[in-house]
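# Structural features, examined
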Amino acid sequence: MIAALGLVVGIVLGLIFRPEVPVGLEPYLPIAVVAALDAVFGALRAFLDGIFDDKVFVVSFVSNVVIAAGIVYLGDKLGVGGQLSTGVIVVLGIRIFSNVAAIRRHIFHA
Amino acid sequence: MPLLTRITQQSLDEDYLHVADRRRTASGDRPAGGGRRRLTAVTVVAVVAFGLLVAIAAVQTSRNATVREESRSVLISRIDDQQRVVSQQHQQIADLSDQNTAEESAFADMGRQLSQATRREQALAQTAGFGPVAGPGVQISVDDAPNGGRSGLVQDDDLAGLINGLWASGATAVSVNGQRVTARSAPRNSGTVIRINGVSLSAPYVVSALGDNRTLLAKFAETGSGRSFQLLTSTLGMPVTMDNVDHLQIPAGPVGLMDLRSARSATGQKPQEDH
């Protein structure tokens with residue numbers, strides 16, 4: 001409940017302040033969002049499994065975002081940024097899908 | 001283990017399982033309460049950060065989309081403008097090439113007219129005495145009588161008679177001592193010499209006449225002028241030689257003589273009086 005509230009507060013804050021993203025960081029924002037999404041769905045699944053731990057969630061959230069952005073940054077420097085971000089998105093996307101599937105099983109007891 | 005299966009099975013962070021295992025083994029030792037609440041606050045902060053991230057990404061994307069759409073429409077309008085310019089220029093090219101074709105045919109017409117006019121001018125100049133001519137002809141040389149005194153000198157009338165006789169017998173061009181006799185030339189006495197075209201000539205006078213040299217001299221002898229010339233020279237004792245020449249060069253008359261003295265309208269209108 002508090003977590004959902006926090007999500008809404010974050011979105012509203014972002015919409016109100018509309019912070020300007022530095023041009024240099026702009027390409028890494030979408031990949032960071034996908035990584036954060038993965039961490040959030042993983043946390044939701046762990047919560048429903050009854051094994052949620054706050055410290056693990058925060059660490060995985062921060063490290064997911066930083067590592068995803070870092071991989072894409074490295075790829076940009078090496079000239080394979082597009083391919084590397086595709087790979088990151090594929091892996092994260094598969095994880096998100098399987099996590100969501102597990103969540104669905106919990107909610108509908110199917 | 002295949003990559004896809006591995007990703008699917010490990011989709012949940014293994015850390016959650018490890019931490020749960022550790023907590024289960026150490027259950028009872030931990031005081032439940034304070035620690036959990038602190039960690040919940042950290043969770044909320046992370047979720048807020050996630051929401052912020054999502055909102056920022058969405059705002060940024062929509063902002064970029066606006067910019068992209070604007071630049072796209074600007075580009076489209078510029079393309080349209082340039083295409084209009086291009087089609088205008090195509091039209092201009094077509095117009096200009098049409099015009100060019102018309103001008104070229106006009107130029108060709110003009111060139112034909114020019115060559116016709118040039119041919120006509122050459123023919124007229126040869127006839128009128130302002131163009132050089134060459135061909136077969138006769139040469140008649142007449143000199144002052146050796147012992148004739150003043151009356152033995154060749155007079156302008158004598159030369160004029162000779163020239164008129166040659167014209168009458170079919171000569172097409174006549175010159176005296178290299179001076180072309182044009183439609184406006186006439187021999188004039190000037191002391192003991194004769195002037196033609198403003199140039200003083202002295203005896204002997206060599207009259208060159210272009211024409212059919214098989215018949216020219218015979219016809220000349222039959223004309224009135226020819227008979228009186230014959231009579232004159234034989235009476236006064238002037239030495240005369242007449243020769244047929246196959247290649248005779250007769251120069252053009254002086255250009256200074258070629259000015260308009262009288263004109264007549266070709267359309268039949270009454271000519272304007274020259275004041």
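The present account deals with the structure reproduced in this document. Please read these numbers as outputs of a predicted model, since none were measured by experiment. In every chain, residue numbers begin from 1 and rise along the written sequence. Labels follow written order: the first chain is A, the first ligand is 1, and so on. For this predicted model, a pLDDT threshold of at least 70 governs which residues receive local features, and a threshold of 80 or more governs which side-chain atom pairs are given and counted, while totals over whole chains, interfaces and linings are taken from all residues.

## Details of the interface of chain B and chain A
Condition: What counts as a contact is two residues whose backbone-derived C-beta atoms lie within 7 Å of each other. The helix count covers DSSP runs of H or I at least four residues long, the strand count covers runs of E at least two residues long, and both are numbered beginning at the N terminus. Each residue gets one label: Ala, Val, Leu, Ile, Met, Phe, Trp, Tyr, Cys and Pro are nonpolar, Asp, Glu, Lys and Arg are charged, and the others, such as Gly, are polar.
Tallying the contact residues gives 30 residues for chain B and 39 residues for chain A. The greatest single-element share of the side of chain B that touches chain A, amounting to 19 residues, is contributed by helix H3 (residues 34-128) of chain B. Class assignment for the residues of the side of chain B that touches chain A results in 22 nonpolar, six polar and two charged.

## A closer look at the sheet that holds strand E6 (residues 199-201) of chain B
Residues and elements named next belong to chain B. Quick note on the threshold: One requirement defines pairing of two strands: DSSP has to find at least two bridges between them. Only the stretch in contact is used when a helix axis is fitted, and all axes are lines through C-alpha atoms; the angle between N-to-C directions ranges over 0 to 180 degrees.
Taken in spatial order, the three strands line up as E4-E5-E6 in an open sheet, and their pairing is antiparallel. Of all the strands in the sheet, just strand E4 (188-190) and E6 have a single pairing partner and so form its edges. The sheet shows a mean angle of 40 degrees between the axes of neighbouring strands, taken without regard to direction. Across three bridges, strand E5 (residues 193-196) lies against E6 in antiparallel orientation. Within the sheet, the bridge partner assigned to Ile196 lies in E6 and is Val199.

## Here's the deal with the nonpolar core
Condition: A set of buried Ala, Val, Leu, Ile, Met, Phe, Trp, Tyr and Cys residues, joined through C-beta atoms within 7 Å, is what we mean by a nonpolar core. Note on burial: count the other C-beta atoms lying within 10 Å of the residue's C-beta; 20 or more is buried, 12 or fewer is exposed, in between is partly exposed, and C-beta positions come from the backbone.
The biggest cluster of nonpolar side chains holds 30 residues, and the ones touching the most others in it are Ile31, Ala32, Ala35, Ala36 and Ala68 of chain A together with Leu53 of chain B. Those elements giving two or more residues to this core turn out to be helix H2 (29-49), helix H3 (54-78) and helix H4 (81-108) of chain A together with H3 of chain B. In terms of residue count, H2 of chain A provides more of this core than any other element does, ten residues in total. Leaving out residues up to four positions away in the same chain, Ala35 of chain A has contacts with Asn64, Val65, Ala68 and Leu92 of chain A. Core analysis: the next-biggest nonpolar cluster, separate from the first, contains 26 residues, Ile196, Ala209, Phe229 and Met238 of chain B among them.

## A few points about the pairing of strand E2 (residues 173-176) of chain B
Side chains on a regular strand alternate between the two faces of the sheet. Residue and element names in this part refer to chain B. By the alternation rule, side chains of E2 split into Ala173 and Ser175 and Val174 and Val176, which are all buried. Two strands pair when backbone bridges link them, and E2 and strand E7 (residues 205-210) are joined in this way by four bridges, in the antiparallel orientation. By the bridge assignment, Val174 is partnered in E7 with Ala209. Two elements, E2 and strand E3 (residues 179-181), share three bridges in a ladder whose sense is antiparallel. In the strand pairing of E3, Val174 is matched with Val181. As consecutive antiparallel partners, E2 and E3 are separated by two residues, and within that stretch Asn177 has a phi angle of approximately 50 degrees, a positive value.

All quantities given are derived from atomic positions and should not be read as evidence of function.
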